[in-house]
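Inside the fold
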Amino acid sequence: MEKMLVGCFLLILGPILLLPTEARDRPPSRSISRGRHSRTHPQTALLESSCENKRADVVFIIDSSRSVNTHDYAKVKEFIVDILQFLDIGPDVTRVGLLQYGSTVKNEFSLKTFKRKSEVERAVKRMRHLSTGTMTGLAIQYALNIAFSEAEGARPLRENVPRVIMIVTDGRPQDSVAEVAAKARDTGILIFAIGVGQVDFNTLKAIGSEPHEDHVFLVANFSQMESLTSVFQNKLCTVHMCSILEHNCAHFCINTPGSYVCRCKQGYILSSDQKTCRIQDLCAVEDHGCEQLCVNVLGSFVCQCYSGYTLAEDGRRCVAVDYCASENHGCEHECVNADSSYFCRCPKGFALNPDKKTCTKIDHCASRNHGCQHECVNTDDSYSCRCLKGFMLNPDKRSCRRINYCALNKPGCEHECVNTEEGHYCRCRRGYTLDPNGRTCSRVDHCAEQDHGCEQLCLNTGESFVCQCSEGFLINEDLKTCSKLDSCALGDHGCEHSCVSSEDSFVCQCFEGYILREDGKTCRREDVCQAVDHGCEHICVNSDDSYICKCLEGFRLAEDGKRCRRKDVCKSTHHGCEHICVNRGSSYICKCSEGFILAEDGRRCKRCTEGPIDLVFVIDGSKSLGEENFEIVKQFVTGIIDSLAISPKAARVGLLQYSTQVRTEFTLRNFGSAKDMNKAVAHMKYMGKGSMTGLALKHMFERSFTQVEGARPLSARVPRVAIVFTDGRAQDDVSEWASKAKANGITMYAVGVGKAIEEELQEIASEPTDKHLFYAEDFSTMGEINEKLKKGICEALEDSDGSQDSPAGELPKRVHQPTESEPVTINIQDLLSCSNFAVQHKYLFEDNLSRSTQKLFHSTKSSGSPLEEKPDQCKCENLMMFQNLANEEVRKLTQRLEEMTQRMEALENRLRYR
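A few points on the structure. (Residues numbered from 1 in each chain as written. Predicted model: local features only at pLDDT ≥ 70, side-chain atom pairs only at ≥ 80, totals over all residues. Heavy atoms only, no water.)

Some details on the sheet that holds strand β50 (residues 773-776)
The strands that make up a sheet pair up through hydrogen bonds in the backbone, lying either parallel or antiparallel. With mixed pairing, the 6 strands of this open sheet are ordered in space as β47-β46-β45-β48-β49-β50. The outermost strands of the open sheet, each flanked by one partner alone, are β47 (662-666) and β50. Direction aside, neighbouring strands of the sheet carry axes that sit 20° apart on average. Of the pairings in the sheet, the one linking strand β45 (residues 613-620) to strand β48 (residues 720-726) comprises 6 bridges and is parallel in character. In the sheet register, Val618 faces β48, and the bridge partner there is Val724. Helix α19 (residues 627-642) contacts β45, β46 (651-658), β48 and β49 (746-753) of the sheet and is inclined by roughly 175° relative to β45. (Pairing = 2+ DSSP bridges. Helix = DSSP H or I, 4+ residues; strand = E, 2+ residues; numbered from the N terminus. Axes fitted to C-alpha atoms, helices over the stretch in contact; angles between N-to-C directions. Contact = heavy atoms within 4.5 Å.)

Observations concerning unusual backbone geometry
Residue Pro211 is bonded to the preceding Glu210 through a cis peptide linkage, with omega at 0°. As for its placement among the helices and strands, Pro211 is situated in the loop between α8 (201-207) and α9 (212-215). Cis geometry is adopted by the peptide bond preceding Pro768, which originates at Glu767 and carries an omega value of -10°. Of note, Pro768 is situated in the loop between α23 (758-764) and α24 (769-772). The phi dihedral of Ser131 is positive, around 60°, even though this residue is not glycine. By the secondary structure assignment, Ser131 is in the loop between α5 (117-125) and α6 (136-147). Non-glycine residue Lys356 carries a positive phi angle of around 65°. Relative to the helices and strands, Lys356 resides in the loop between β19 (350-352) and β20 (359-361). Taking relative accessible area as the criterion, Lys356 reaches 56% and is therefore assigned exposed. (Buried < 20%, exposed > 50% of the residue type's maximum accessible area, 1.4 Å probe, protein only.)

Some details on the side chain of Arg720
Following the sequence through the fold, Arg720 ends up in strand β48. At a separation of 2.8 Å, a polar atom in the side chain of Arg720 contacts the main-chain carbonyl oxygen of Arg712. When neighbours within four sequence positions are excluded, Arg720 is seen to be in contact with Asp614, Phe705, Ala711, Arg712, Pro713, Leu714, Gly745, Ile746 and Thr747. (Polar contact = N/O pair within 3.5 Å; in protein donor to acceptor, adjacent residues only side chain to side chain.)

Some details on the pattern of salt bridges
Taken as a whole and assessed by the stated rule, the structure comprises 17 salt bridges. Between Asp57 and Arg155 there is a salt bridge; the shortest N-O distance is 2.6 Å. Highlighted residues: Asp57 in strand β3 (residues 56-63) and Arg155 in the loop between α6 and β6 (163-169), separated in sequence by 98 residues. With respect to burial, Asp57 and Arg155 carry one shared label: buried. As a salt-bridge pair, Glu736 and Lys740 come within 3.5 Å of each other at their nearest N and O atoms. Of the two residues, Glu736 and Lys740 are both situated in helix α22 (residues 735-743); the distance of 4 residues between them amounts to about one turn of the helix. (Salt bridge = Lys/Arg side-chain N within 4 Å of Asp/Glu carboxyl O.)

Details of the packing of helix α21 (residues 693-704) against α22
It is the contact of α21 with α22, at a shortest axis distance of 8 Å, that shows an interaxial angle of 25°. Considering the angle they form, α21 stands roughly parallel to α22. Seen from above, α21 lies across α22 with left-handed handedness. Contact residues: α21 offers Gly694, Leu697, Lys698, Met700, Phe701 and Glu702, while α22 offers Trp737, Ala738, Lys740 and Ala741. Residues that form the contact of α21 with α22 fall into these classes: 6 nonpolar, 1 polar and 3 charged. (Parallel < 35°, antiparallel > 145°, perpendicular 65-115°, else oblique. Left-handed = near helix turned anticlockwise from the far one by under 90°. Nonpolar A, V, L, I, M, F, W, Y, C, P; charged D, E, K, R; others polar.)

Structural notes on the pairing of strand β42 (residues 587-591)
Of all 5 residues making up β42, 4 are buried, and the element is well covered by its neighbours. Pairing of strand β41 (residues 580-584) with β42, which is carried by 5 bridges, proceeds in the antiparallel orientation. From the neighbouring strand, Val582 faces β42, where its bridge partner is Ile589.

Remarks on the pairing of strand β22 (residues 383-386)
Sheet topology note: the strand β21 (residues 375-378)/β22 ladder contains 4 bridges and is antiparallel. Along β22, the bridge assignment pairs Cys376 with Cys385. Between β21 and β22, which pair antiparallel one after the other, the connecting turn spans 4 residues.

Take a look at the structure:
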């Protein structure tokens, strides 16, 4: 009671007692002095003394819309500087923050930014006009969620530090303000609403605190705002009753002008005494949906079940308790749930022991009446008879008979089948021996078994053998040796020059300087190409008594029969391209049809969605979406996932959901299959709060594409793609983090539905926006966006694939090694002398080069081409082969270096986050 009397005394006499003596004795005067670093207002001395050591958290919210001209904007800044003169600014007394708003909210400085009044004044004077729309409700929401958070410098509610908003506006807001202003007032924030000009007074009353005559003000123009300075001197410097009275509030005490009110924590409501708080009975006022029991908790409720039941995964239904799963039942075979307990059960063929847990197998063969001729075998619930080896069971299932394996197995013996006790074998007739396959028979090789003494050939007969001679020989009288026939002497051989007998015939030969014609008998001169000026550009080849010109590989003969020009490599080579072969000079490249990209071997084609990609969904889970539409969005995400080849080496997918906060549903490393990923999407819970899109983009940029969360390193050149879905206006700035993401190589797709703002979608989407921005009037047309988005991702993967236009013979990582039947298609230009080139790199490729060149020259020599006996290492073909081998070695070294780099990066990440 004494504290209350003191409080009332201070409330009445405080302003008088706190005035300096000179101020009480002297009538008020109006004199304004503007210095270089300070601004003095009338009654400054009065307010400085009355606000001294005054603790408060004050946030100015300034209308910076296009309707406020430059002159009026300057008046607003002067008004704020005047108010600052009367506040005792410092970390332990009055903290000041400032927001200005138009179409978006800009935080000029927060409650924790400045510690001195001079710093705050400089910041106010440096402010720049936004000149956009009038989103007043968005500004109040920002102050409630962010500006008055402890992270931004606001002191905790338990310290009873007054929280004050001074909002200045000159027009009608373009959004709803009543609901968000009421929420701010309910949390204990005191709101002063100042309207200038043609402002709807009812809107001001919906914003300001009650009583409205103390908190809502309207002036004709910005110049008249100066008249309100003295009013706010008294308002801001009023004694706070919560700090001097014994208020007896159970939870929170909220200061009001000259008094106070009590407020409760979330989940509680104020009792009829307006001081104590009681838990809100949500079970009674809400459709809780609990199947059995509903129990209130702070700010919410939980469902519970009767004894013998447990709560299901949906948190509403109840299911019977599985005692067999929850207890150490000890059953040897099977546990069966019963009412509030369980019992043990044995399978067929077993009986439960007296301990009611273990089982003993029933021995049906113990009875002598089983009637089995050979053996009795126990089964699950009876017995069966079994025969000994070499016997099989008769139809009576008890007696046995010997098995005829030859008739049963039909082994396919060529001659005879012989049964044994456990099987069978094949046997051959006389004069034959069994082949290694054990079934067929071959005649006995008497020539191989005996020392037949035949000089040339031995021929088997039925029981013995005879000797024979090769063609061109006659057998002698001893019937074993042979004599050679003189073929040239036997007949008219027809040789033009000379005849030479061979082993079984004869051959014609020509005199020196001549070679044999194709008829094998007549002769012509040997080398016409050396004897005449043939004029062949590449190669001259003798042909009978004349010659013909030929071209090197990769060229074809021109119409004059002498010069050479390049031919169609794709048609003349086994290029191996799966879809399209394209000539490129003396080489070629492989390309793929639309919707496909080139595989790693540079020849095959694969669908673009099989290519590697790191994809992150950023999904709007705000309350404006609604749970029904949120399910449609989940189906939209599942459709994109099903179009990709999900695996650690191909497509990796992560997903963020955001409202006023950001929640990682799963990262790029969590799932390796589309099935598991779709299951996670299906179980995703709807957040249903605000819409902080900028905060979600910041989280995506800073975390989602790190190697810790599964993104592949930038050196792997895997495309990084983000798909941002929203159905309304963001409550924060999106441009900063969207720009950073795009500048760091992340391809941004923006998908908007319903009330989504086109300007925000354009700030999010990558260029060109016609390929990266999609909008639908409602959720019924989401399917069309799904197909367009799949096509866009596919095109992006095709454009990012560096191998699409690389020559098949010149891939930097996939060097094509031509086979013996393919022409070497690498074009070598400006090559140094062969000898120097080969010597400099001999230590790398000596073995491979010698083997390859020997193989090349051996094949060309055997085909009849007129090449030298010793291969010339400076031949163009060998240099091409040499370069192929060099490229292959460089590729292997590069691949090893990349693998080592990836291991080092993984090790660094492990050490960094340990």
